[in-house]
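Take a look at the letters that make up each chain.
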Amino acid sequence: MIDIFTILLSHGLILLAAWKLLFRDDLDHEDAAIIEASRPWLKDRAPADAGEEPAADA
Amino acid sequence: MRDLVLLAFIGAILALGFRRPFIWVLLYIYVDIVSPQEIGWGIITSLHLSLVTFIAAFAGYVVLDSKHNSRFTLRQALIVALLAWCGYTTLGAAFQDSAWEKWTWVWKSMFFAAFLPLTLRTRLRLESAVLVFALAIGAIAINGGIKTVFGGGGYGTLTLLVDDNSGIYEGSIISTAAIATIPLVLFLARRGSLFPPGRAVWLFCAALIFSCLLIPIGTNARTGLVCIAVLGVLLMRQVRHRFAFAALAGAAMLVALPFLPQEFTERMGTITGFRGDESASTRIEVWKWTYEYAKEHPLGGGFDAYRANSFTYQLAEVSGAGNNRRISYSQVTDSARAYHSSYFEMLGEQGWPGLALWLALHGLGLWQMERIRRREAPRRADRDVWMHDLATALQHAQLIFLVGAAFVGIAYQSFMFLLIAMQCALWSQWRLRRKAPGRPAAAQMPDDTRPAPRSAINPV
């Protein structure tokens, strides 16, 4: 019982982390993190829409 | 049930790796530490999981991954040199059968440690490697922690995920590994971006740290208690209010004492009285023997050279109590006793050249992490707090390992080589950031104006 609980908890978290990694561009390119951090409002936008957004500080 | 869960997990991670091949590298880190093929009972035990994930990680990088910002550092060269030296001593090992058996897992640990930094070329990759490392050790620590709370501990009897007191599941080794992981858990709790700091993350990390602290109690490993003391001293470097921390730690220990199992307190009481303890007496004798052996065999005797040892010594036995206390000495003869120290393990097996390489590997690591810590210290306006905190965590983990290693033969343990690999990757990334402004990645923006990556701007 304890073994199963431990396995489910730790392995579930590793799996969740791996799943999250799929959607992080900065996994492969460091620069992606810089762009994401400096302009987070662009994160989910297509490049064409980006210019229409009001500017704001990160 | 266990087999199904583990196989489903490995299958899912393998599948995710087709989209991001780096995930296979993380899978190998997990397999290397946890050994799921030993946890299960059925089909999983017959699978060559280690080999499959090793090939996936390696091929994934070579064939599918970008090599941008991958660097081969001096310490990786030292690992390769140590690997080559171990191969050479194995060829002429005194005990060929056991030497080749040990070689089969040692070369993988070292090769992977030399390879891993090449793949850890972004901050997120490094963070995810630290995360999987901590969760993999955490899987064993949480299991042991819960069992200890429910009274399942004892020297050599605490059954962890694997019912086998060997490898990382051996009491002293998991104690050292678990305590060495605590600085990394603290780093993830403060600077993690995959699981950003928050109430749930802090709660989990606190529980994980508590579990890690319980492992030396559950396994009754004296090395673990020494490691906890080292951790306490190291944390004093980090905390803002040192006196308050020391007072709280002291108070916590006083409160915890009555709850500790009697077997544990009795065993810990033998730390200072080594003369009356066979295990401790043996250590001293083995270390003496190894030193003499290295004089005769300066190039080492190959893996498991300790099998050649045999010595007789006086063991003090105390009987009676109070005024009737009597000390009698008996002669004990021991043979083929393990080194009980990584330093002597290296000296006996790899001789002076091997020990020198191993010490250089560690010494250089401590120095590199210290350089990063100083350059990114709080007084620097353009500091990179993420790199500072990770360097601190990796340095503390290594120091705890190095102290624990004085009492346990863990010179080639893969968890230590993984720590070294993560240090190499951090050093490489830091050098790119600070030392080579002409490179494209660093040249996009000057350091002072460059916004910190998302992982570095999380609230503390």
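Residues numbered from 1 in each chain as written. Chains lettered and ligands numbered in written order. Predicted model: local features only at pLDDT ≥ 70, side-chain atom pairs only at ≥ 80, totals over all residues.

A. Structural context of the overall build of chain B. Each helix and strand in chain B was counted, giving 17 helices and 2 strands. Considering chain B as a whole, with its 460 residues, one finds that 48% of them fall into the buried category. Residue pairs in contact within chain B that sit at least 24 positions apart in sequence constitute 77% of those at least 6 positions apart. (Helix = DSSP H or I, 4+ residues; strand = E, 2+ residues; numbered from the N terminus. Buried ≥ 20, exposed ≤ 12 C-beta atoms within 10 Å, placed from the backbone. Contact = placed C-beta atoms within 7 Å.)

B. Highlighting the interface of chain A and chain B. Listed as interface residues are 31 residues of chain A and, on the opposing side, 39 residues of chain B. Mapped onto the side of chain A that touches chain B, the elements with two or more residues apiece are α1 (2-21) and α2 (30-38) of chain A. Of the residues forming the side of chain A that touches chain B, the biggest block, 17 residues, is contributed by α1(A). Classifying every residue of the side of chain A that touches chain B gives 18 nonpolar, 5 polar and 8 charged. (Nonpolar A, V, L, I, M, F, W, Y, C, P; charged D, E, K, R; others polar.)

C. Region of interest: helix α10 (residues 222-238) of chain B. The end-to-end C-alpha separation of α10(B) is 25 Å, in line with the 24 Å expected for 17 residues at 1.5 Å each. Among the residues making up α10(B), those that are buried are R222(B), T223(B), G224(B), V226(B), C227(B), I228(B) and L231(B). (Expected span 1.5 Å × (residues − 1).)

D. Main features of the pairing of strand β2 (residues 326-335) of chain B. All names here are of chain B. Within β2, only 0 of the 10 residues are buried, which leaves it mostly out in the open. Looking at chain direction, strand β1 (residues 310-319) and β2 are connected through 10 bridges and run antiparallel. Across the sheet, the residue bridging to S319 is R326, located in β2. (Pairing = 2+ DSSP bridges.)

E. Just the confidence of the model for chain B, in detail. Residues and elements named next belong to chain B. With 87% of its residues at a pLDDT of 70 or more, chain B shows a mean pLDDT of 84. Contacts of residues 438-460 to residues separated by more than four positions or lying in other chains number 48 contacts, the stretch itself having pLDDT below 50. Reported for the predicted complex are a pTM of 0.84 and an ipTM of 0.84. (pLDDT = per-residue confidence, 0-100.)

F. Representation of helix α2 (residues 22-34) of chain B in the model. Residues and elements named next belong to chain B. With 13 residues, α2 should reach 18 Å at 1.5 Å per residue; the first-to-last C-alpha distance of 19 Å fits that figure. Buried residues dominate α2, accounting for 13 of its 13 residues. One or two steps after α2, the chain reaches S35, where phi turns positive at roughly 50°.

G. How the structure looks around the packing of helix α7 (residues 123-149) of chain B against helix α8 (residues 171-191) of chain B. Residue and element names in this part refer to chain B. Viewed as axis vectors pointing N to C, α7 and α8 meet at an angle of 130°, and their least axial separation amounts to 9 Å. With respect to α8, the axis of α7 lies oblique. Crossing hand, α7 versus α8: left-handed. Here α7 contributes V130, L131, F133, A134, I137, I140, A141 and G144 to the contact with α8, which in turn contributes I174, A177, A178, T181, L184, V185, F187 and L188. Classifying every residue of the contact of α7 with α8 by side-chain character gives 14 nonpolar, 2 polar and no charged. (Axes fitted to C-alpha atoms, helices over the stretch in contact; angles between N-to-C directions. Parallel < 35°, antiparallel > 145°, perpendicular 65-115°, else oblique. Left-handed = near helix turned anticlockwise from the far one by under 90°.)

H. Summary view of the environment of T122(B). Along the chain, T122(B) falls in the loop between α6 (96-119) and α7. Sequence spacing of T122(B) and V201(B) is 79 residues, and the spatial spacing of their C-alpha atoms is 23 Å. Ignoring any residue separated from it by four or fewer positions in sequence, one finds T122(B) in contact with D26(A), L27(A), D28(A), H29(A) and E30(A).

I. Spatial organisation of the nonpolar core. Residues and elements named next belong to chain B. Residues I29, F133, M422 and L426 are the most contacted members of the largest nonpolar core, which totals 137 residues. Take this core: its biggest share by element is 15 residues, from α7. Ignoring anything within four residues of it in the chain, the contact list for I29 reads A129, V132, F133, A136 and L418. (Core = buried A, V, L, I, M, F, W, Y, C linked by C-beta atoms within 7 Å.)

J. Quick peek at the environment of Q368(B). All names here are of chain B. Structurally, Q368 can be placed in helix α14 (residues 342-375). Under the C-beta neighbour-count criterion, Q368 is labelled buried, with 23 such atoms within 10 Å. Taking the C-alpha atoms as reference, Q368 lies 25 Å from C86; in sequence the two are 282 residues apart. If sequence neighbours within four positions are ignored, Q368 has contacts with Q423 and W427.

K. Representation of the packing of α8(B) against helix α15 (residues 385-404) of chain B. All names here are of chain B. Running from N to C, α8 and α15 point in directions that differ by 170°, and their axes come no closer than 8 Å. On the basis of the axis angle, α8 is roughly antiparallel to α15. On α15, the residues touching T176, I179, A180, T181, P183, L184, L186, F187, R190 and R191 of α8 are W386, D389, L390, A393, H396, A397, I400, F401 and G404. Counted by class, the contact of α8 with α15 contains 12 nonpolar, 4 polar and 3 charged residues.

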